[in-house]
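# Architecture and fold: a report
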Amino acid sequence: MNIKEKIKYYFVENSAFIFSTPAIMWQMLFLYMPLLIVVYMSLKINGSSCWYAVTLAHYKALLAYDYLKIITRSVCVAFGVAVLCLLCAYPVAYYLALRVPRRWKNFLLFLLTLPFWTNFLIQVYSWVFVLDHNGLINTLLLKIGLIKEPFHMVNTTWAIFLVMVHYYLPFMIMPLYSVLEKIQHDLLEASMDLGATHWQTFKNVTVPLSLSGIRTGLLLVFVPAFGEFVVPSIIGGGKHMFVGSLVTHYFLVARDEQLGAAFTIMSGCILIICALALNWVCTVVFQRRVREHS
Amino acid sequence: MRNAYGLPLFVIFLYGVLYIPIFVLIVFSFNENALTHAWQGFTVDWYYDLFSSVEVWDAVKNSLMVAFSSVILSLSLGSVFIFFCRKELVKKLLIFFYGSLGIPEIVLAVGLLSLFSFCSIPLGAATLIAGHTLLGLGYVIPILYSRFSELDVSLIEASYDLGATQRQTFFSIILPLLAPALVASGMLVFIISLDDFIISFFCAGASMQTLPLYIFAVIRTGASPMINALSTVMLLVSSLLVLIFSFLHIKKTRMLP
């Protein structure tokens with residue numbers, strides 16, 4: 001057996017290993033190793049040449065009122081956005097999945113996914129034209145005569161909130177729709193036949209059956225909304241600090257990588273705790289519902 | 001129902017909220033007034049500006065290059081992984097790939113930037129492609145896996161029984177069967193890569209300008225209506241792509257018995 005055959009034989013023998021590792025390696029190299037490096041950087045002593053000299057000083061510096069306020073604000077806004085998205089998305093998903101005539105369904109779904117495929121920055125920027133001093137809303141209200149002075153809407157936390165709800169709405173509608181669509185009509189009809197009103201059927205049958213979608217949607221909105229950086233910087237004009245904007249500031253403007261890494265890790269941990277709590281609440285509600293009705 | 005019109009009206013209202021900003025954006029791409037958001041008169045000058053701008057087309061070229069590379073990389077890594085890895089193992093390893101979906105993008109970006117500066121790798125196209133492929137794998141592998149596990153195992157066994165090698169089976173049985181999933185996930189990765197801002201913002205460096213980075217820079221420094229014209233063109237292109245895609249999809253499902 002010459003070398004060439006040996007190599008070929010080796011390849012055929014070990015093909016499973018050789019071909020399945022690159023994807024895992026990629027994930028390790030560019031996802032998990034970077035996270036470890038961030039943790040390491042957050043512990044390293046500034047300017048020390050000794051690689052194993054670690055300190056918790058960066059974390060201690062972050063336990064100040066200002067930083068905690070930014071994190072709390074991000075948590076509150078992300079949570080509010082998730083809940084408001086749920087309230088707005090549920091009727092739409094319900095209507096699309098259970099009520100709408102068949103021939104309209106695909107068209108409405110297409111309309112829903114279209115903004116999803118357009119550039120995120122453009123969607124955010126388009127709100128400036130609506131909310132600005134001489135934007136759409138102010139012009140309309142002035143024309144009607146409801147107000148005399150233009151409203152100040154850009155650069156407020158409310159504007160950031162509104163734009164985030166707008167952007168994340170499809171992320172909520174899609175999982176809700178896919179869950180609601182699988183509900184069998186027989187179940188709803190059975191509930192109605194047994195004398196439940198529309199509202200009771202909705203409350204006791206439809207909502208419990210769609211809880212997994214609610215949970216997925218809440219997490220799909222909450223997690224990215226927590227780290228949001230683009231909306232505060234375009235709509236908020238960079239005046240309102242959120243977790244995402246502070247992280248960006250540390251890494252790209254101030255170049256203080258140690259403090260930035262510590263802040264990233266700290267807010268990441270808080271995010272994980274919040275997401276787990278959200279998940280837990282959904283599970284508890286779900287279990288109580290099931291127990292009540294069995 | 002008590003209020004039979006309440007629900008449809010709410011849905012129409014929400015669709016309006018979804019579309020009004022985009023609609024206003026398109027209208028203002030024809031506005032003569034460059035400085036404020038007040039209407040002055042109709043013009044198509046901004047479209048002339050757009051099509052004669054060198055910067056925009058450079059950014060488009062860069063974006064397309066990065067998107068194509070990350071699609072090809074993530075599809076080849078993903079399909080090879082799904083086929084060659086043992087099935088039980090894939091199921092266990094799947095959680096590894098969800099990581100890039102569950103972590104906020106900004107944390108991914110910070111991690112990548114730290115990795116590159118830690119190893120003193122210069123930022124540029126390569127680092128950007130690495131980041132986008134990471135994002136893409138998170139979508140490609142679950143989609144391909146769900147399609148692969150639906151495949152009839154006897155087809156693969158038949159191929160082996162008839163004397164095909166592993167490579168022949170992969171190229172002439174598995175790939176054609178996976179084609180719809182490959183196309184769907186490839187398109188998803190393509191659009192995600194084109195649309196991605198945060199990872200590009202951290203990992204592109206100063207020399208590499210992609211389209212979202214260009215748009216962000218212009219918006220930040222005081223936008224010109226050329227951005228509106230650019231947005232309108234991008235909207236048209238992406239809705240055309242979605243239309244073609246859904247048309248292909250409908251055709252395919254109709255062909256099935």
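The shown structure was predicted, so the numbers you read here are calculated from the model rather than taken from an experiment. (Residues numbered from 1 in each chain as written. Chains lettered and ligands numbered in written order. Predicted model: local features only at pLDDT ≥ 70, side-chain atom pairs only at ≥ 80, totals over all residues.)

### Overview of the overall build of chain A
- Secondary structure summary: chain A contains 14 helices and zero strands in total.
- Its C-alpha atoms give chain A a radius of gyration of 25 Å, clearly above 19 Å, the size a compact globule of 294 residues would have.
- Based on the C-alpha atoms only, the size of chain A along its principal axes is roughly 75 × 65 × 40 Å.
- Counting over 294 residues, chain A shows a buried share of 36%. (Helix = DSSP H or I, 4+ residues; strand = E, 2+ residues; numbered from the N terminus. Rg over C-alpha atoms; globule rule 2.2 N^0.38 Å. Buried ≥ 20, exposed ≤ 12 C-beta atoms within 10 Å, placed from the backbone.)

### Regarding the overall build of chain B
- Helices and strands together make up the secondary structure of chain B, namely 11 helices and zero strands.
- In terms of C-alpha radius of gyration, chain B reaches 23 Å, well past the compact-globule figure of 18 Å for 257 residues.
- On the principal axes, the C-alpha backbone points of chain B span a range of 75 × 65 × 35 Å.
- In chain B, the share of contacts with a sequence separation of at least 24, taken over all contacts with a separation of at least 6, comes to 80%. (Contact = placed C-beta atoms within 7 Å.)

### Examining the packing of helix α3 (residues 54-84) of chain B against helix α6 (residues 125-150) of chain B
All names here are of chain B.
- It is at 7 Å that the axes of α3 and α6 come closest, and there the two elements cross at 40°. Considering the angle they form, α3 stands oblique to α6. Classified by chirality, the crossing of α6 by α3 is right-handed. The residues of α6 that touch α3, namely those facing Val66, Ser69, Ser70, Val71, Leu73, Ser74, Leu75, Leu77, Gly78, Ser79, Phe81 and Ile82, are Ala125, Leu128, Ile129, His132, Thr133, Gly136, Leu137, Val140, Ile141, Leu144, Tyr145 and Phe148. (Axes fitted to C-alpha atoms, helices over the stretch in contact; angles between N-to-C directions. Parallel < 35°, antiparallel > 145°, perpendicular 65-115°, else oblique. Left-handed = near helix turned anticlockwise from the far one by under 90°.)

### Observations concerning the domain arrangement of chain B
Residue and element names in this part refer to chain B.
- Under the domain assignment used here, chain B contains domain 1 (1-43) and domain 2 (55-255).
- Each of domain 1 and domain 2 has a C-alpha centre, and the two are 32 Å apart.
- In the side of domain 1 that touches domain 2, the residues fall into five nonpolar, two polar and no charged. (Domains from an automatic or database assignment. Nonpolar A, V, L, I, M, F, W, Y, C, P; charged D, E, K, R; others polar.)

### Comments concerning the packing of helix α2 (residues 15-43) of chain A against helix α5 (residues 105-118) of chain B
- Where α2(A) meets α5(B), the axes come as close as 8 Å, and the angle between the chain directions of the two elements is 80°. As far as their axial angle goes, α5(B) and α2(A) are roughly perpendicular. Contact residues: α2(A) offers Phe30(A), Met33(A), Pro34(A), Leu35(A), Ile37(A), Val38(A) and Met41(A), while α5(B) offers Val110(B), Gly111(B), Leu112(B), Ser114(B), Leu115(B) and Phe118(B).

### Brief notes about the domain arrangement of chain A
Residue and element names in this part refer to chain A.
- Assigned domains of chain A: these are domain 1 (1-43) and domain 2 (58-293).
- Computed over C-alpha atoms only, the centres of domain 1 and domain 2 are separated by 38 Å.
- Each side of the interface is counted separately: domain 1 has four residues, and domain 2 has seven residues.

### Describing the interface of chain A and chain B
- Facing the 60 residues of chain A at the interface are 66 residues of chain B.
- In terms of residue count, α2(A) provides more of the side of chain A that touches chain B than any other element does, 17 residues in total.
- Among the residues making up the side of chain A that touches chain B, the classes are represented as 42 nonpolar, 15 polar and three charged.

### Side note on the confidence of the model for chain A
- This prediction gives chain A a mean pLDDT of 84; 97% of its residues lie at or above 70.
- Per-element confidence in chain A is highest for helix α4 (residues 65-99) of chain A, whose mean pLDDT is 91, and lowest for helix α1 (residues 3-13) of chain A, whose mean pLDDT is 78. (pLDDT = per-residue confidence, 0-100.)

### Some points on the environment of Leu246(A)
Residue and element names in this part refer to chain A.
- Its place among the elements puts Leu246 in helix α13 (residues 243-254).
- Put simply, Leu246 and Leu220 are 26 residues apart on the chain and 22 Å apart in space, counted from C-alpha to C-alpha.
- Leu246 has contacts with Ile70, Met241 and Phe263, leaving out every residue within four places of it along the chain.

### Description of the environment of Pro22(A)
Residues and elements named next belong to chain A.
- In this structure, Pro22 sits in helix α2.
- According to the C-beta neighbour criterion, Pro22 is partly exposed, with 15 such atoms within 10 Å.
- As a C-alpha pair, Pro22 and Ser74 span 52 residues in sequence and 37 Å in three-dimensional space.

### Structural notes on the nonpolar core
- Counting residues in hydrophobic clusters, the biggest one holds 138 residues, and the most contacted among them are Ala93(A), Tyr168(A) and Val221(A).
- Top element by residues in this core is helix α8 (residues 157-181) of chain A. It accounts for 17 residues. (Core = buried A, V, L, I, M, F, W, Y, C linked by C-beta atoms within 7 Å.)

### Let's talk about unusual backbone geometry
- Positioned with a positive phi, Arg255(A) is a non-glycine residue whose angle comes to about 55°.
- Position of Arg255(A) relative to the elements: it lies in the loop between α13 and α14 (257-293).
- A positive phi angle, close to 40°, is found at Ser120(B), a residue other than glycine.
- As for its placement among the helices and strands, Ser120(B) is situated in the loop between α5 and α6.
- The exposure class of Ser120(B) is exposed, given the 6 C-beta atoms found within 10 Å.

### Considerations on the confidence of the model for chain B
Residue and element names in this part refer to chain B.
- Taken as a whole, chain B shows an average pLDDT of 83; of its residues, 92% reach a score of 70 or greater.
- No element of chain B has a lower mean pLDDT than helix α11 (residues 226-255), which averages 74, and none a higher one than α3, which averages 91.
- Interface predicted TM-score (ipTM) for the complex: 0.83; the corresponding pTM is 0.84.

### A look at the environment of Tyr95(A)
- Along the chain, the position of Tyr95(A) falls in helix α4.
- The sequence separation of Tyr95(A) and Leu68(A) amounts to 27 residues, and the corresponding C-alpha distance is 41 Å.
- Setting aside residues no more than four positions away along its own chain, Tyr95(A) makes contact with Val100(A), Leu7(B), Pro8(B) and Val11(B).

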